[in-house]
Amino acid sequence: MPKKITLRSPLDMHLHLRDGDMLKLVTPLTAESFSGAVIMPNLVPPVDSLDRLLEYKQRIVDALGHYKFDPYMTMFFRQYSEKELAVAKDHMIGIKLYPAGATTNSEAGVKALDAVEPTFKMMEEMGIPLMVHGETHGFVMDREKEFLDSYDYLATKFPKLKITMEHITTADAVKMLDRHENLRATVTLQHLIITLDDVAGGMLNPHLFCKPIAKRPEDREALLQAALQAHPKLMFGSDSAPHPLEKKECCGCAAGVFTSPLAVARLAQLFDRHDKLDKLQAFISDNAQNLYGVKPAEKLVTVTNERFQVPAAYVGHDQHVVPMHAGEEIEWSISHIS
């Protein structure tokens, strides 16, 4: 008899939906199996005003079709006025900070944290969470570790500001979770499974290239153990980041791994392999509900250890997106959604 687990209202706390035709293609692929997701704001131009946020949210809602799904919106970090934050507060789940030039469409990001302290202070006073892409511009394998001092600074100077370390990739970042009360983190599917060797150890695999880049086996192990134990300050955030095929298989490969359609099933396979299926509900939903205070749409997703063939690509109008595990069989699949 096959094993199965029914997950209540899975949440993806870090998601890229892009815009235009790409938005129309990938939004249903998340909304089918997730009850909600935190939507990243690094469009061109960035989502850095209430008007842009509401317009973007409407485009997402229009792309949902018949699916029940809550898009938890964010704004791109910049120096905001108190009035701007006050009117936008109830329409967003937080503000996303990118160091300038650290990743896709982040050129308008922050160059110096101390220069934007007034905005941090207002966010702290208003109870608006801060989400951070935590990398410096140093050597690629050390960028997250070098940024940890900035988390110490932010968490200490603004102790009531809730700070999410996005898509953590190192053992050192895992340790940070227990250092400050106001720190929490998301972790991706790919960083629980792969290391840099999978990306570039043999022939380069552009569809596993993302930022932050996958790290060492000991880093993956630390992340995996925290997830398998459902550390109460760690949440699933896919950082699923679709790019057209021509932007991935080219010189100057775009950073991002597309995992949305298979994330729930692949996580079930991973947790089952380590005999921790009982921890998956907390990791994929309960922790996020507790940390962010969200109440997602009711959705029951039953996953069974029956094989699933991952498509070679997902294709829409003028869009051709290759997922992680493209063309491979994974051991678990979604059998029912209600």
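Just above, that's the structure.
Note that the structure is a prediction, hence the values are computed from the model and not measured. Here, residues in each chain are numbered from 1, in the same order as that chain's written sequence. Given that the model is predicted, a residue must reach a pLDDT of at least 70 before its local features are reported, and side-chain atom pairs must reach 80 or more before they are shown or counted; all residues, however, enter totals for whole chains, interfaces and linings. Side-chain numbers come from the whole structure's heavy atoms, not from hydrogens or water.

Draft legend 1. Representation of the overall build of the chain within the structure. Helix and strand definitions follow DSSP, with helices as H or I runs of at least four residues and strands as E runs of at least two, each counted in order from the N terminus. When helices and strands are tallied, the chain shows 12 helices and 15 strands. Dimensions of the chain along its principal axes, counting C-alpha atoms only, are 55 × 45 × 40 Å. Each of the 338 residues in the chain was classed as buried or not, and the buried ones make up 60%. Each accessible area is a Shrake-Rupley result for a 1.4 Å probe, and residues are judged covered by the shown protein chains and nothing else. Of the roughly 14,000 Å² that the chain leaves accessible, carbon and sulfur atoms contribute 51%. His is not counted, nor are the chain ends, whereas Lys and Arg count as positive and Asp and Glu as negative. A charge is said to be at NZ when it belongs to Lys, at CZ for Arg, at CG for Asp and at CD for Glu. Averaging the coordinates of the 37 positive side-chain charges in the chain and doing the same for the 45 negative ones gives two points 3 Å apart. Residue burial is assigned from relative accessible area. The probe radius is 1.4 Å, only protein chains are included, and a residue is buried under 20% of its type maximum, exposed over 50%, and partly exposed in between.

Draft legend 2. Region of interest: the nonpolar core. What is meant by a nonpolar core is a set of buried Ala, Val, Leu, Ile, Met, Phe, Trp, Tyr and Cys residues, joined one to another through side-chain atoms within 4.5 Å. Formed by 101 residues in total, the largest nonpolar core has its most connected members in Phe120, Leu130, Leu280 and Phe283. By residue number, the principal contributor to this core is helix H11 (residues 263-273), which donates 7 residues. Residues are treated as being in contact if the distance between any of their heavy atoms lies within 4.5 Å. In contact with Leu280, not counting residues within four places along its chain, are Ile5, Leu7, Leu267, Ala268 and Phe271. Listed in part, the 14 residues of the second largest apolar core include Met13, Val38, Tyr72 and Tyr98.

Draft legend 3. Here's a closer look at the environment of Lys3. Relative to the helices and strands, Lys3 is located in the segment before strand S1 (4-8). Sequence separation between Lys3 and Val303 is 300 residues, and the spatial gap between their C-alpha atoms is 8.5 Å. Ignoring any residue separated from it by four or fewer positions in sequence, one finds Lys3 in contact with Asp272, Val303, Thr304, Asn305 and Trp332. A polar side-chain atom of Lys3 sits 2.6 Å from a polar atom in the side chain of Asp272. Two N or O atoms form a polar contact when they lie within 3.5 Å of each other; inside protein one atom must be a possible hydrogen donor and the other a possible acceptor, and for residues adjacent in sequence the pair counts only when both atoms belong to side chains.

Draft legend 4. Quick peek at the packing of H11 against helix H12 (residues 280-292). The axes used here are C-alpha line fits, helices contributing only the stretch in contact, and every angle between their N-to-C directions lies in the interval 0 to 180 degrees. Here H11 crosses H12 at 140°, and the two axes come no closer than 9 Å. When the axis of H11 is compared with that of H12, the two are oblique. Of the residues in H12, those in contact with Val264, Leu267, Ala268 and Phe271 of H11 are Leu280, Phe283 and Ile284. For the contact of H11 with H12, the class distribution of residues is 7 nonpolar, no polar and no charged. An angle counts as roughly parallel when it lies under 35 degrees, as roughly antiparallel when it exceeds 145, as roughly perpendicular when it falls between 65 and 115, and as oblique in every other case. Polar here means any residue outside two lists: the nonpolar Ala, Val, Leu, Ile, Met, Phe, Trp, Tyr, Cys and Pro, and the charged Asp, Glu, Lys and Arg; Gly therefore counts as polar.

Draft legend 5. Examining the sheet that holds strand S10 (residues 300-304) more closely. Only strands joined by at least two bridges in the DSSP assignment are considered to pair. In spatial order, the strands read S1-S10-S15; together these 3 strands make up an open sheet with antiparallel pairing. The open sheet has two edge strands, S1 and strand S15 (333-337), and neither has a second partner. Each strand axis lies, on average, 30° off the axis of its neighbour in the sheet, ignoring direction. Two elements, S1 and S10, share 5 bridges in a ladder whose sense is antiparallel. Its bridge partner lying in S10, Ile5 is registered against Val303. Against the sheet, H11 makes contact with S1, S10 and S15, and its axis sits at roughly 50° relative to S10, the strand it touches most.

Just geometry here; none of it tells us what the structure is for.
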